[in-house]
Amino acid sequence: MDESGKLTAIVLAGGKSSRMGQDKALISIQGVPLLQIVYGIAQSCADTVYVVTPWPERYQDLLGSSCQFIQEVALPPADEEVGIQDISPSAHTHGPLVGFAQGLAQVKTNWVLLLACDLPKLRVEVLQDWATRLDKVGDEAIAALAHHPKGWEPLCGFYRRRCLPQLLEFINQGGRSFQQWLEQNPVEVLPLPEPEMLFNCNTPEDLAFDNYHRLD
């Protein structure tokens, strides 16, 4: 199969986890670290999986030597217009939009599945069903995402590789919000049969709520 018919997945593991108080990627869900769960699901859906993080050494042992890491790096001053190749390494991050752009620059396939590392209720069968719908997505759409009352769900859905130039332009203009960027571009809505699969763990309360309901 040529690259156009394949699928790449990007897993973002660059958050500061400040509200959680510990690294969300390493939180154990029924004995398995959250990043390991999401990475395994990504492998079940895509031909190639990249993990974008400022700390690849932190997760190397967890994901194994075959994991393809992309080091998330900081941007230069906002008044300097740059391409992704001009970014120099730093321990500081600028949010998921920038991490996604740095991962997207390495993608060779037409479509990429983007996943945050803090989604404990992801459903492989739903993601795989969404992937089968990509051939029918309108040519003008840059992404195919689920939608909920708060807006798009940007960190669990599909993007066309060719959206990178628009994304870089938005970032170079100081944009850091996924929602604002998506509002400026056509996006196709994906059906969401199980809304709970988009539940994400941001705080200890979220984690306690999830653990409680797993025991029901």
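Parameters at a glance
Residues numbered from 1 in each chain as written. Predicted model: local features only at pLDDT ≥ 70, side-chain atom pairs only at ≥ 80, totals over all residues. Heavy atoms only, no water. Axes fitted to C-alpha atoms, helices over the stretch in contact; angles between N-to-C directions. Helix = DSSP H or I, 4+ residues; strand = E, 2+ residues; numbered from the N terminus. Left-handed = near helix turned anticlockwise from the far one by under 90°. Contact = heavy atoms within 4.5 Å. Nonpolar A, V, L, I, M, F, W, Y, C, P; charged D, E, K, R; others polar. Buried < 20%, exposed > 50% of the residue type's maximum accessible area, 1.4 Å probe, protein only. Pairing = 2+ DSSP bridges.

Undergrad: Could you clarify how one ought to interpret the packing of helix α3 (residues 96-104) against helix α5 (residues 164-172) in this entry?
TA: How two helices sit against one another is set out by the angle between their axes and by the gap between those axes. Here α3 crosses α5 at 140°, and the two axes come no closer than 10 Å. Two packed elements cross with a definite hand, and for α3 against α5 that hand is left-handed. Contact residues: α3 offers Leu 97, Val 98, Phe 100, Ala 101 and Leu 104, while α5 offers Leu 164, Leu 167, Leu 168, Phe 170 and Ile 171. Classifying every residue of the contact of α3 with α5 gives 10 nonpolar, no polar and no charged.

Undergrad: Got a minute to help me understand the pairing of strand β8 (residues 151-160) in this structure?
TA: Looking along a regular strand, one sees the side chains alternate between the two faces of the sheet. When you tally the buried positions in β8, you get 10 out of 10 residues, the bulk of the element. As paired strands, strand β6 (residues 111-116) and β8 are joined by 5 bridges and run antiparallel to one another. Bridging across to β8, Val 112 finds its partner in Tyr 159.

Undergrad: Honestly, the sheet that holds strand β9 (residues 187-189) in this entry has me stumped. Any pointers?
TA: Picture the strands of a sheet paired through backbone hydrogen bonds; they go either parallel or antiparallel. Strand order in the open sheet formed by 7 strands is β5-β4-β1-β6-β8-β7-β9, and the pairing between neighbours is mixed. The open sheet has two edge strands with one neighbour each: β5 (68-71) and β9. Shown here is a sheet whose adjacent strand axes are inclined to one another by a mean of 30°, direction ignored. The pairing of strand β7 (residues 143-148) with β9 spans 3 bridges and is classified as parallel. Note on β9: the bridge partner recorded for Ala 144 is Glu 188. On the sheet, helix α1 (residues 34-45) packs against β1 (7-12), β4 (48-53) and β6 and is oriented at approximately 170° with respect to β1. Along the sheet, helix α2 (residues 56-63) contacts β4 and β5; its crossing angle with β5, the most-contacted strand, is approximately 170°.

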